[in-house]
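# Summary of structural features
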Amino acid sequence: MAGVFVAVLVLIARLVIVQGVMGANYEKIATIERVGKVRSQAPRGQIKGSDGTVLARNLESHSLELLPAKVKADRVVAIVSRLRELLDMTDAELEALRGELLREADPRKRQPLVVRRDLVSTHCPYDSSQLELTSEVEYRFCPVCGRNFEPVPARKACPFDQRKLQSIPGGDGMRCASCEREFSSAGVCPYDHHALHVGHHNLKCPLCQRTFNDEVAVIRANLHLLPEARLESEIQREYPFRFLASHVLGYVGYVTDADRAPWLPWLPARFALTDRVGRTGLERAFDAALRGLDGEQVVVRRSGADENAKGMDDLVAGLQPRPTVPGLTLRLTLDLELQRIAKVAMKDVFSGAAVVIDARTGEVLALYSKPSFDPNTMSGKRAPHGKTATDTPAYAPLLDKAVHAFPPASTFKIVAAIAALEENVVTPSTTFHCPGYYDFGGRRFHCHSKRGHGDVNLREAIRSSCDVYFYHLGELLGLDRLEAWARKLGYGESTGIEIYEAQGRLPTRAWYAEHVKGGYYPGFALSTAVGQKDVTATPLQVARVYSALGREGILPNVTLVQGFEGPDGKLLPRLPRPSGRDLPVKSTTLRFIRNALLAVVNDEGGTAYASQPTNVMMAGKTGTAQAAQRPRADMVERLKADPLALGRLTAWMQNDHAWFVGYAPAEDPEITVAVFVEHGGSGGHNAAPIAVKIVESWFARHPHVKEAEATQAKAHKKAAVPQEELDETPIADPEAVPTVPHEDDPANRPADEPHDVPGETGDEVLP
Amino acid sequence: MSVFARIRQPSTLLGLFCVLGLCVIAIENLHFADSMLGTTFHRSQTIWIVVGLIGTGVTAGLDMQFVRRVSPIVYQVLIALLVAVLFFGRDINYSKRWLELGPANIQPSEFMKISIALVLADWFDKKRSQAPWKLRQLLMPVLLILVPVALINREPDLGTSVCVALIALGQVLYDGVQRRTLVLALCVALIGIGLAWKFDVIRDYQKGRAETWWHAMQDDEKAPDTGQGGANRDNWQAEKALWAVGSGRVAGRSDDEARVSVLRHVPFVHTDFALACFAERWGLIGCIFLFGLYLGLVWWALYIADHAQERFDALLAVGVAGLVFWQFFVNAGMVIGLLPVVGVTLPLLSYGGSSALTVLLGAGFLLNISTRRKSR
């Protein structure tokens with residue numbers, strides 16, 4: 001009985017709390033019939049170049065969806081014909097749609113059917129510039145092949161690039177070879193001779209001069225004819241420069257169940273179903289900061305009688321919604337102009353990468369990997385050309401080759417050189433004889449020069465990239481000492497860049513014992529000394545190491561990011577970055593190496609002698625890695641139907657990798673360029689010219705004060721300077737050299753320009 | 001002493017007052033809920049209560065020896081009905097608890113509550129000399145309890161099965177068991193609950209309710225979000241009920257106010273959450289009065305148990321006390337946010353013929369014992 005009493009007392013005590021103490025509060029809450037929380041997604045932060053040009057932003061995108069649950073079988077034909085009238089859809093698309101609508105399935109379980117994504121409305125699907133209204137332009141559309149034909153212009157010249165049009169063989173139509181526009185005024189398609197559908201465009205892109213129909217307006221005006229359809233809009237991530245910096249920016253993707261799983265079991269899910277997360281590149285690295293914080297709006301429905309109750313508004317006001325915090329805007333160090341130059345310079349290359357970093361700070365000025373891809377299509381946007389990254393799988397477009405490890409070839413020779421000098425294995429004047437080969441351990445190691453270089457000292461060996469000299473060094477140093485020195489110089493370690501990067505591999509004897517069948521063999525040290533065999537490094541790593549060589553041995557920390565922008569567009573203060581580390585190398589050694597690198601570009605007999613920038617002195621090193629491979633089995637399988645493409649691929653893969661890494665100005669480097677051309681041929685012929693173009697363009701915009709002196713020095717040095725004198729050449733103290741004030745540097749310009757000015761517009765539009 | 005003279009004893013009068021008071025409150029409360037939601041539950045409930053009061057009179061006059069003879073048969077019939085309900089039961093709210101018999105829906109599990117009390121009292125009385133009980137000796141009563149508990153849980157109806165178990169447990173403890181037995185049984189029960197949790201005998205929604213309650217008891221913010229429109233559904237039920245109870249405050253609200261308040265959105269306001277309706281309208285004062293009625297009823301039953309001359313009578317009275325008390329405690333605790341949401345009805349106040357009939361039959365047994373005891 002006592003227990004019963006106690007229990008009832010507990011109940012009453014609770015009642016006193018609920019009704020007596022908390023009653024007033026509950027009464028208030030109870031007057032609100034329902035409190036709902038609505039998530040409001042925070043806009044993802046923009047990514048901007050160093051001059052404030054927007055590289056990634058958000059755009060509203062519209063799509064037309066059909067709700068299969070509402071579609072009755074007898075309406076399918078009417079729907080399809082209506083869609084044919086409203087949108088330019090090919091017969092194949094319509095047929096697929098019809099099939100999908102007629103498919104038997106549980107109507108409750110069917111997802112909305114997307115008829116078309118990214119309907120054209122306000123922005124050009126090619127370059128994302130704002131479309132302008134224009135007088136109606138008639139166009140023709142082939143319902144079979146899906147081609148759009150603009151009316152044939154008066155002068156038979158392309159309205160965009162003014163090039164002369166070519167007539168399409170076998171049909172009545174014209175075509176622009178450079179921008180792939182097609183023109184026809186006839187009633188049938190010049191390709192398949194099917195009757196064309198005639199429509200009118202009323203929007204024009206001021207940049208690429210294409211005309212478009214306002215598809216959203218058309219659909220919206222006719223939606224009452226399609227009660228089964230709905231117009232959906234969502235915020236899309238948009239990369240206006242498309243192919244230009246895709247590997248740096250990365251792309252976003254919808255969350256998966258794995259993303260949604262909380263970090264700890266009792267935490268709520270991290271993402272909503274409609275969220276997107278950064279998948280690669282900076283979008284991934286800075287995902288949390290770019291995403292911002294989703295807000296919560298409180299939706300209150302009041303119950304009838306208390307509609308006008310006193311204190312109601314106070315109560316509603318008391319229910320604080322959580323404000324949406326937009327994602328932070330990221331300002332990059334990328335110089336878009338330079339990035340563009342790097343892209344153009346690599347246009348004849350199938351695959352490769354070019355990296356430009358500021359030798360003083362490690363800031364990445366350009367990072368381009370070829371072939372590139374369009375992050376818009378990767379982020380779920382319709383490709384206006386129908387061309388996607390997966391069209392050229394052989395060249396691995398999604399792989400960022402600037403941070404992917406490849407055999408560094410002769411660019412690695414400086415490791416052996418520095419190691420040998422520091423360990424006093426050789427002196428600069430030590431000579432070895434190069435007959436064109438070196439016999440070691442029952443194997444013949446060839447020099448790249450079949451005839452041999454004769455008697456060479458270290459400087460000449462670096463200049464002409466004599467392999468035999470470095471075979472000797474490799475033999476004298478041994479693999480493990482090479483590895484230790486490579487590590488000291490900054491190989492095999494992270495460069496500090498924010499995006500994912502490979503670390504490269506520096507094999508040791510232990511590594512060979514563990515990973516290679518047959519274990520270690522002393523010849524491996526020889527191959528490693530010339531950067532062949534199993535040693536790998538990324539172009540970015542190589543650029544960083546050479547920056548250190550050029551700048552008194554200070555290894556900079558590589559970064560892509562200047563910082564976050566505050567709401568006023570000013571940069572927020574950044575956490576202090578670790579300053580670069582000092583190389584444990586004597587300054588005399590460094591001076592010697594710098595001199596040798598200068599000779600590579602500027603001395604007759606240097607491997608890059610043919611590639612000298614006109615406006616600045618450059619020092620650097622070429623590399624040619626033997627990398628003949630056979631196409632992978634899956635690639636062979638994929639290209640089985642196209643023997644020509646397979647042959648092209650096989651031939652391409654027989655070539656060597658070409659490297660060039662250099663810094664300029666040679667005496668006080670501002671920038672370091674690393675160019676890697678996968679299966680590109682030789683470093684001197686195929687990689688160095690690309691670097692020269694990049695360097696020239698940089699110093700054309702940032703004139704070097706010592707330009708005149710440099711030219712003089714060049715003339716002076718070409719008249720064969722004696723070795724001793726070169727060794728004594730004083731290296732300018734970096735502190736003493738006045739830095740060029742960059743008033744004209746776009747990075748210093750206030751970011752007040754309209755941000756929706758797209759410049760470069762992808763491969764196709766490039767004149 | 002005539003029967004009426006015995007009824008005039010203060011304890012019996014108090015008990016009858018409590019029962020009749022609860023009946024009146026129940027019909028009034030249901031009438032209000034009906035007027036609010038436009039339903040007609042109070043009519044059928046009135047019929048059930050009238051039938052139940054007649055049943056009270058009948059059981060009060062029954063010969064206890066006859067009851068003891070019949071009770072095992074009733075128990076077996078009810079077990080059969082519980083099995084039948086699993087196959088032919090009517091599905092209401094995703095649970096098969098009701099058998100359709102002509103115009104009425106019968107809930108055998110409710111009758112099982114009084115039946116288990118009868119059967120156990122009978123069993124213990126027959127083995128009279130052996131208390132305190134050892135675990136080994138308790139095998140038979142445990143079986144008697146477990147079979148209906150398992151069947152009821154199968155429906156699924158966790159609340160009722162727990163109630164049946166608690167009623168029986170109260171009886172066993174009243175009769176006395178060895179301390180060792182008690183500790184052992186507790187351990188077994190704890191392990192059993194653990195295993196049931198682990199192997200999904202306890203269903204997910206039940207776990208969810210328990211977890212929500214646990215979180216709500218600690219800190220409102222930590223309640224797990226199941227993603228269904230923000231609030232957890234179970235928590236949402238309990239929250240709405242709590243708001244309604246709280247808005248009653250000390251003195252209660254007028255009918256007009258209550259009719260348009262959050263009460264409209266309290267789920268199961270006729271049955272499981274009937275107390276929320278009452279509490280909002282009558283406030284703290286009314287609730288204390290109501291709790292007093294239940295307390296009085298339980299006190300009456302325990303008083304009878306203490307003063308009974310026969311062991312069977314005492315045990316039966318304890319069973320009835322448990323029947324009223326456990327349901328009242330679990331239900332009230334649930335409505336005012338002390339316990340997780342479990343589908344247990346409030347005796348008499350909640351709509352439900354079988355439930356009301358069971359309680360009133362129990363009251364009849366109490367009356368029977370109290371009016372009879374002096375004659376022997």
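If you're wondering where the values come from, they're calculated on a predicted model, not measured in any experiment.

Right, let's get into the overall build of chain B. A tally of regular secondary structure across chain B gives 14 helices and three strands. For chain B, the proportion of its 376 residues judged to be buried stands at 55%. Put simply, of all contacts in chain B between residues at least 6 apart along the chain, 74% involve residues at least 24 apart. Counting only carbon and sulfur atoms, one obtains 66% of the accessible surface of chain B, whose full area is about 16,700 Å².

On to the overall build of chain A. Looking only at helices and strands, chain A has 25 helices and 28 strands in total. Restricting the contact set of chain A to residue pairs at least 6 apart, pairs at least 24 apart contribute 73%. Summed over all atoms, the accessible surface of chain A reaches about 34,500 Å², with 54% contributed by carbon and sulfur.

This paragraph deals with the sheet that holds strand 8 (residues 174–175) of chain A. All names here are of chain A. As summarised here, the arrangement of the three strands in space is 7-8-9, forming an open sheet in which the pairing is antiparallel. Of all the strands in the sheet, just strand 7 (166–167) and strand 9 (182–183) have a single pairing partner and so form its edges. As defined by bridge partners, strand 7 adjoins strand 8 across two bridges and the pair is classed as antiparallel. Residue pairing in the sheet places Ser-167 in a bridge with Met-174 of strand 8.

Below, the discussion takes up the pattern of salt bridges. Residue and element names in this part refer to chain A. Applying the stated rule across the entire model yields 39 salt bridges over all chains. In this structure, Glu-565 engages Arg-331 in a salt bridge whose closest nitrogen and oxygen atoms are separated by 2.6 Å. One end of the pair, Glu-565, is in strand 24 (residues 561–565); the other, Arg-331, is in strand 16 (residues 329–332), and 234 residues separate them in sequence. Glu-565 sits in the buried class, given a relative accessible area of 5%. Its relative accessible area of 9% is what places Arg-331 among the buried residues. Here Arg-481 and Glu-423 are joined by a salt bridge, their closest N and O atoms 2.7 Å apart. Residue Arg-481 is found in helix 16 (residues 479–489), and its partner Glu-423 is found in the loop between helix 13 (413–422) and strand 19 (432–434); the two are separated by 58 residues along the sequence. It is possible to trace a salt-bridge network through shared partners that takes in Arg-44, Arg-237, Glu-283, Asp-287 and Arg-291.

Residues and elements named next belong to chain A. With antiparallel pairing, the four strands of this open sheet are ordered in space as 6-5-10-11. Pairing within the sheet leaves two strands with one partner each, and these edge strands are strand 6 (148–149) and strand 11 (211–212). Pairing analysis gives two bridges linking strand 10 (residues 197–204) to strand 11, with the strands arranged antiparallel. Considered in strand 11, the bridge of Leu-203 is made with Phe-212.

So, on to the side chain of A:Asn213. Residue and element names in this part refer to chain A. Looking at the element boundaries, Asn-213 is found in the loop between strand 11 and helix 5 (215–222). At a separation of 3.4 Å, a polar atom in the side chain of Asn-213 contacts the main-chain carbonyl oxygen of His-200. In this structure, Asn-213 is in contact with Val-120, His-200, His-201, Asn-202, Leu-203 and Val-218, ignoring residues within four places of it in sequence.

Every contact between the two is made by 24 residues of chain A and, on the other side, 31 residues of chain B. Of the roughly 2,700 Å² buried between chain A and chain B, counting both surfaces, carbon and sulfur atoms make up 77%. On the chain A side of the interface with chain B, the three residues burying the most area are A:Leu11, A:Arg14 and A:Gln19, jointly 25% of the side's total. Ranked by the residues each element gives to the side of chain A that touches chain B, the list is headed by helix 1 (residues 2–21) of chain A, at 13 residues. Partitioned by chemical class, the residues of the side of chain A that touches chain B number 17 nonpolar, four polar and three charged.

Below, the discussion takes up the side chain of A:His201. Residues and elements named next belong to chain A. In this fold, His-201 is placed in strand 10. The exposure class assigned to His-201 is buried, which follows from its relative accessible area of 7%. One polar contact links His-201 to Thr-211, side chain to side chain, over a distance of 3.0 Å. With sequence-adjacent residues up to four places away left out, His-201 is seen in contact with Ser-135, Glu-136, Val-137, Tyr-139, Asn-148, Thr-211, Phe-212 and Asn-213.

Residue and element names in this part refer to chain A. Take Gln-166: it is sitting in strand 7. The exposure class assigned to Gln-166 is partly exposed, which follows from its relative accessible area of 43%. When the C-alpha atoms of Gln-166 and Glu-182 are compared, they prove to be 9.5 Å apart, with 16 residues separating the residues in sequence. Ignoring anything within four residues of it in the chain, the contact list for Gln-166 reads Gly-173, Met-174, Arg-175 and Ala-177.

What counts and what doesn't
- Residues numbered from 1 in each chain as written.
- Chains lettered and ligands numbered in written order.
- Predicted model: local features only at pLDDT ≥ 70, side-chain atom pairs only at ≥ 80, totals over all residues.
- Heavy atoms only, no water.
- Helix = DSSP H or I, 4+ residues; strand = E, 2+ residues; numbered from the N terminus.
- Buried < 20%, exposed > 50% of the residue type's maximum accessible area, 1.4 Å probe, protein only.
- Contact = heavy atoms within 4.5 Å.
- Areas by Shrake-Rupley, 256 points an atom, 1.4 Å probe, with all protein chains shown as cover.
- Pairing = 2+ DSSP bridges.
- Salt bridge = Lys/Arg side-chain N within 4 Å of Asp/Glu carboxyl O.
- Polar contact = N/O pair within 3.5 Å; in protein donor to acceptor, adjacent residues only side chain to side chain.
- Buried area = accessible area lost by both parts, 1.4 Å probe.
- Nonpolar A, V, L, I, M, F, W, Y, C, P; charged D, E, K, R; others polar.

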